[in-house]
Amino acid sequence: ALTTFALLAGGTTTTAEMQQITTGFGTAGYVLTSNGDSALPSFKINPAPLFINLQTSAYTVTSVDQLVLVDVSGGSLTISLPAAPAAGKVFTIKDTGSASVLKVITIDTVGGGGNIDGSSSRTIIVAYGAITVCFDGTSYNIINSYLV
């Protein structure tokens, strides 16, 4: 019996000539994604367009954030990364001006969930500084930074 509205794909053998793609197919907005050779594709959440968030006060990054722009002209502040986002999730924190020469942007994790390249926090102390991190399932790894 076939599942209504599910897509058909080639089978795994000459006697099992077809199979259906049923994982996630009923969720609006999902896109069909390859899972590599010898694996049935599946429907997964559509990668969001770059989500830019401007912050002027302390902020906890959400799972949909990608680029968090920070204005510290009002004073130093802390940006907290989520404790356990999806593995592979990338976040960039960027100073938008020259005020961070006198005011600091501290980047930490919610509730100490993981660390950032072995430290509990990092700071941006230069004008227009930035840090890009990737969560590996346990902690954050710095991909690129201009911090000091």
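Residues numbered from 1 in each chain as written. Predicted model: local features only at pLDDT ≥ 70, side-chain atom pairs only at ≥ 80, totals over all residues. Heavy atoms only, no water.

(A) Just the overall build of the protein chain, in detail. The helix and strand tally for the protein chain stands at zero helices and 13 strands. Ordered by position from the N terminus, the helices and strands of the protein chain form the series β-β-β-β-β-β-β-β-β-β-β-β-β. For the protein chain, whose C-alpha radius of gyration is 21 Å, the value lies well above the compact-globule estimate of 15 Å for 148 residues. Considered along the principal axes of its C-alpha atoms, the protein chain spans approximately 70 × 30 × 25 Å. In the protein chain, which comprises 148 residues, the proportion classed as buried is 31%. (Helix = DSSP H or I, 4+ residues; strand = E, 2+ residues; numbered from the N terminus. Rg over C-alpha atoms; globule rule 2.2 N^0.38 Å. Buried < 20%, exposed > 50% of the residue type's maximum accessible area, 1.4 Å probe, protein only.)

(B) Just the pairing of strand 9 (residues 90–95), in detail. Alignment of strand 7 (residues 67–70) against strand 9, held across four bridges, turns out to be parallel. Residue pairing across strands places Val68 opposite Ile93, the latter belonging to strand 9. Across five bridges, strand 9 lies against strand 12 (residues 130–135) in antiparallel orientation. Bridge assignment links Thr92 to a residue of strand 12, and that residue is Thr132. (Pairing = 2+ DSSP bridges.)

(C) Region of the structure containing the nonpolar core. Among the nonpolar cores identified, the biggest contains 19 residues, and Leu81 and Ile93 are the most heavily contacted of them. Going through the elements one at a time, strand 7, strand 8 (77–81), strand 9, strand 10 (105–109) and strand 12 are the ones with two or more residues in this core. Those residues in contact with Ile93 that sit more than four places away from it in its chain are Val61, Val68, Val70, Ile79, Leu81, Ile105, Ile107, Ile124, Gly129, Ala130 and Ile131. (Core = buried A, V, L, I, M, F, W, Y, C linked by side-chain atoms within 4.5 Å. Contact = heavy atoms within 4.5 Å.)

(D) A look at the sheet that holds strand 11 (residues 121–124). A sheet is described by the order of its strands in space; here four strands give the open sequence 6-8-10-11, paired in mixed fashion. Because the sheet does not close on itself, it has two edges, and the strands there are strand 6 (59–60) and strand 11.

(E) View of the sheet that holds strand 12. Read from one edge to the other, the open sheet built from five strands follows the order 5-7-9-12-13, with strand pairing classed as mixed. Across the chains shown, the open sheet's two edge strands, defined by having one partner strand only, are strand 5 (52–55) and strand 13 (140–146). Across the sheet, the mean angle from the axis of one strand to that of its neighbour is 20°, orientation sign disregarded. Pairing between strand 5 and strand 7: four bridges, direction parallel. (Axes fitted to C-alpha atoms, helices over the stretch in contact; angles between N-to-C directions.)

(F) Spatial organisation of the confidence of the model for the protein chain. For the protein chain, mean pLDDT is 86; residues scoring 70 or higher make up 92% of the total. Element-level pLDDT for the protein chain is lowest in strand 4 (residues 42–44), with a mean of 83, against a maximum mean of 95 in strand 8. (pLDDT = per-residue confidence, 0-100.)

(G) Broad picture of the environment of Pro85. Among the secondary structure elements, Pro85 is positioned in the loop between strand 8 and strand 9. When the C-alpha positions of Pro85 and Thr4 are compared, they lie 34 Å apart, and in sequence the two are 81 residues distant. Setting aside residues up to four positions removed in sequence, Pro85 forms contacts with Phe91, Phe135 and Tyr140.

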